Amino acid sequence: MITNIVLWLLAPAIFLITRNPLTGPWRLIFAVLALIWLIVDVFFLSKTKEKRKLFDIVVFCVFLVGATNWFFSPFFFLLYLLIIGVSLVFGATGGLGFAVSLVLLFVFNVGEVDVAYDSLVLLSLLATFPVAMYLRKEYLKLQEAQKTILVLEKKAEEAKTTVEQLLSNVVIYTSAELRQPLVNIKNYSHVLMTKKLDAKKGLEYLKRIYESAIVTLTELKRFEEESTGRKITGTS
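Residues numbered from 1 in each chain as written. Predicted model: local features only at pLDDT ≥ 70, side-chain atom pairs only at ≥ 80, totals over all residues. Heavy atoms only, no water.

Caption draft 1: Focus on the nonpolar core. Val-58, Trp-70, Leu-79, Phe-98, Leu-102, Phe-106 and Leu-125 are the most contacted members of the largest nonpolar core, which has 39 residues in total. Where this core is concerned, the elements lending two or more residues are helix H1 (2-19), helix H2 (27-45), helix H3 (50-67), helix H4 (78-90), helix H5 (92-106) and helix H6 (115-194). For Phe-98, the contacting residues outside a window of four places in its chain are Leu-7, Trp-8, Val-58, Val-62, Leu-82, Ile-83 and Val-86. (Core = buried A, V, L, I, M, F, W, Y, C linked by side-chain atoms within 4.5 Å. Buried < 20%, exposed > 50% of the residue type's maximum accessible area, 1.4 Å probe, protein only. Helix = DSSP H or I, 4+ residues; strand = E, 2+ residues; numbered from the N terminus. Contact = heavy atoms within 4.5 Å.)

Caption draft 2: Structural detail: the packing of H2 against H3. Relative orientation of the contacting elements H2 and H3 amounts to 165°, with a least axis distance of 9 Å. Relative to H3, the element H2 lies roughly antiparallel. As for the relative orientation of H2 and H3, their crossing is left-handed in sense. Contacts between H2 and H3 involve Arg-27, Leu-28, Phe-30, Ala-31, Ala-34, Leu-35, Trp-37, Leu-38, Asp-41, Val-42 and Leu-45 from the first element and Arg-52, Lys-53, Asp-56, Ile-57, Val-59, Phe-60, Phe-63, Leu-64, Gly-66 and Ala-67 from the second. Looking at the contact of H2 with H3 residue by residue, the class counts come to 15 nonpolar, one polar and five charged. (Axes fitted to C-alpha atoms, helices over the stretch in contact; angles between N-to-C directions. Parallel < 35°, antiparallel > 145°, perpendicular 65-115°, else oblique. Left-handed = near helix turned anticlockwise from the far one by under 90°. Nonpolar A, V, L, I, M, F, W, Y, C, P; charged D, E, K, R; others polar.)

Caption draft 3: The pattern of salt bridges, seen in detail. With the rule as written, the count across this model stands at four salt bridges. Note that Lys-141 is salt-bridged to Glu-138, the shortest N-O span being 3.9 Å. Taken together, the residues span about one helical turn, with Lys-141 and Glu-138 both in helix H6 at a distance of three residues. On the accessibility criterion, Glu-138 (32% relative accessible area) is partly exposed. A salt bridge links Glu-204 to Arg-208; its shortest N-O distance comes to 2.6 Å. Taken together, the positions of Glu-204 and Arg-208, both in helix H7 (residues 199-228) and four residues apart, correspond to about one turn of that helix. Taking relative accessible area as the criterion, Glu-204 reaches 32% and is therefore assigned partly exposed. Residue class for Arg-208 comes out partly exposed when judged on its relative accessible area of 30%. (Salt bridge = Lys/Arg side-chain N within 4 Å of Asp/Glu carboxyl O.)

Caption draft 4: Molecular detail of the side chain of Asp-56. Relative to the elements of secondary structure, Asp-56 occurs in helix H3. The buried charged residue Asp-56 lacks any salt bridge, with Arg-52 as its nearest oppositely charged partner at 4.8 Å. Look past the residues within four positions of Asp-56 in its chain and what remains in contact with it is Trp-37, Leu-38 and Asp-41. (Lys, Arg positive; Asp, Glu negative; His and termini not counted.)

This is the structure we're talking about:
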C-alpha cells in the first residue's frame, strides 16, 4: 500500500521539484544524480530486488522527462514504457495511480500545440494502462501454464523413477534365483565331463541338469512377464 501511494505521488513531487524556482535550475543535476543512484543501486546494492530496480528506473526516467520540459520532452515516450512496467511489476493499483497522476499533470498542457492532438496524447497515455493489464494477465497465464508443465514433468519423472526401481528389484531378485540352478548345471556338467560314471549315475546327473534347466526357464518366464506385463504362453 505504501509503495502504491509513493507511485501515485512520485510524478507530482518530481514535477514540483523541476518547476520550483529554487530547485528548477538544478533539474538536470537531479536527473544525473538519479542516474548515478540507479547505477549504484542496480549493480551493487539491489542485485536481486527487481521491484526496487524498477522504482529506481522510474525515478530517473521521470526526472529525465521533467528536466527536458515534460510534455514537450524528446523522452516523453519513456512514460508509456514506465506505465507498462509499473503495471506489470507493482500491479493494477500502482499502475493506474501512476498513469492518472501523469495525465493530471499534463491536463494543463492541452491546447499549447493543438487541442485535438494534445488530447489524443493524454488519452493514449491513459490507454497504456489497460494494455499493460492485458499483457500482465497473459503473462500470468503463461507462468501458470509453465508451472503446470513443470508439475507434470516432475510427476512423470517420479513415475519413471518408481518403475526403474521396481524393475531393478525384479532384476536383482531374478538374478539371485537364477544363480543357483545355473551353478548346479555347471557343476553337474563338470562331473560328467571329468569323471567316468556308470550309466545309472550318469543318467541321475543328466536328470539333475534337466531339472535345473527347467527351474532356470521358469524364472526367465516369470521375469519376462513381470518386466513386460505380458503373459508368456509357452517356454521352450
